[in-house]
Amino acid sequence: MLHKIRAFLKNFIFAEIGIGVANCVLEYFKYQKYGHLTAVPLHMRLMISMGLTLLIVAATFAVWAIMGYVIKRKNND
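Residues numbered from 1 in each chain as written. Predicted model: local features only at pLDDT ≥ 70, side-chain atom pairs only at ≥ 80, totals over all residues. Heavy atoms only, no water.

Colleague: Looking at this structure, how should I read a nonpolar patch on the surface?
Modeller: A cluster of nonpolar side chains, namely Phe14, Ile17, Val21, Val25, Tyr28 and Phe29, defines an oily patch on the protein surface of about 590 Å² accessible area. Its location among the elements puts Val25 in helix H1 (residues 2–34). (Patch = residues over 30% accessible without salt bridge, like charges linked within 9 Å, V, L, I, M, F, W, Y side chains within 5 Å. Areas by Shrake-Rupley, 256 points an atom, 1.4 Å probe, with all protein chains shown as cover. Salt bridge = Lys/Arg side-chain N within 4 Å of Asp/Glu carboxyl O. Helix = DSSP H or I, 4+ residues; strand = E, 2+ residues; numbered from the N terminus.)

Colleague: Honestly, the pattern of salt bridges in this entry has me stumped. Any pointers?
Modeller: Oppositely charged side chains may form a pair once their charged atoms are brought near each other. Across all of its chains, the model carries two salt bridges by this definition. One salt bridge in this structure joins Lys30 and Glu27, with 3.6 Å as the shortest N-O distance. Of the two residues, Lys30 and Glu27 both sit in helix H1, three residues apart, roughly one turn of that helix. According to the relative accessible area criterion, Lys30 is partly exposed, its value standing at 40%. Notably, a salt bridge pairs Arg45 with Glu27, separated by 3.4 Å at the nearest N-O pair. (Buried < 20%, exposed > 50% of the residue type's maximum accessible area, 1.4 Å probe, protein only.)

Colleague: Explain H1 to me, please; I cannot follow it from the model alone.
Modeller: For H1, which comprises 33 residues, the first-to-last C-alpha distance of 47 Å matches the rise-based estimate of 48 Å (1.5 Å per residue) to within 8%. Of all the positions in H1, only Leu9, Ile13, Glu16, Gly20, Cys24 and Glu27 are classed as buried. Buried residues belonging to H1 abut helix H2 (42–76). (Expected span 1.5 Å × (residues − 1). Contact = heavy atoms within 4.5 Å.)

Colleague: Please explain the packing of aromatic side chains as it appears in this structure.
Modeller: Per the counting criterion, the structure on display carries three aromatic pairs. Judged by centre distance (5.5 Å) and plane angle (65 degrees), the ring pair of Tyr28 and Phe29 falls under edge-to-face. Given a relative accessible area of 38%, Tyr28 falls into the partly exposed group. By relative accessible area, Phe29 is classed as exposed at 53%. (Phe/Tyr/Trp six-rings, centres within 6.5 Å; stacked < 30°, edge-to-face > 60°.)

Colleague: Sorry, what's going on with H2 here?
Modeller: An α-helix turns once per 3.6 residues; consequently, residues spaced three or four apart project the same way. Here H2 is 35 residues long and its end C-alpha atoms lie 50 Å apart, about the 51 Å a rise of 1.5 Å per residue gives. Of the positions making up H2, those classed as buried are Leu42, Arg45, Ser49, Thr53, Val57, Thr60, Met67, Gly68 and Ile71. Buried residues belonging to H2 abut H1.

Colleague: Teacher, can you tell me more about the environment of Val70 here?
Modeller: Inspection of the secondary structure assignment puts Val70 in helix H2. By relative accessible area, which is 39% here, Val70 ends up partly exposed. Measuring from C-alpha to C-alpha, the distance between Val70 and Arg6 comes to 11 Å, with 64 residues separating the pair along the chain.

Structure (structure tokens):
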């Protein structure tokens, strides 16, 4: 069961990175089309978006690493 949860977390990490990159690309193209209508510069929106993505990925990676340690310890006992 722990292996399945750990595999899910690994997939979630890569999915979240993909979503973050796709969001940045979308924001760039949206800024190219409607840049004159926005009050917030593009780099601020990208920094906020990638910052939140990195925060989620870091938390998920920490849980993934702890689960790996627990699995390894459980197998050694």
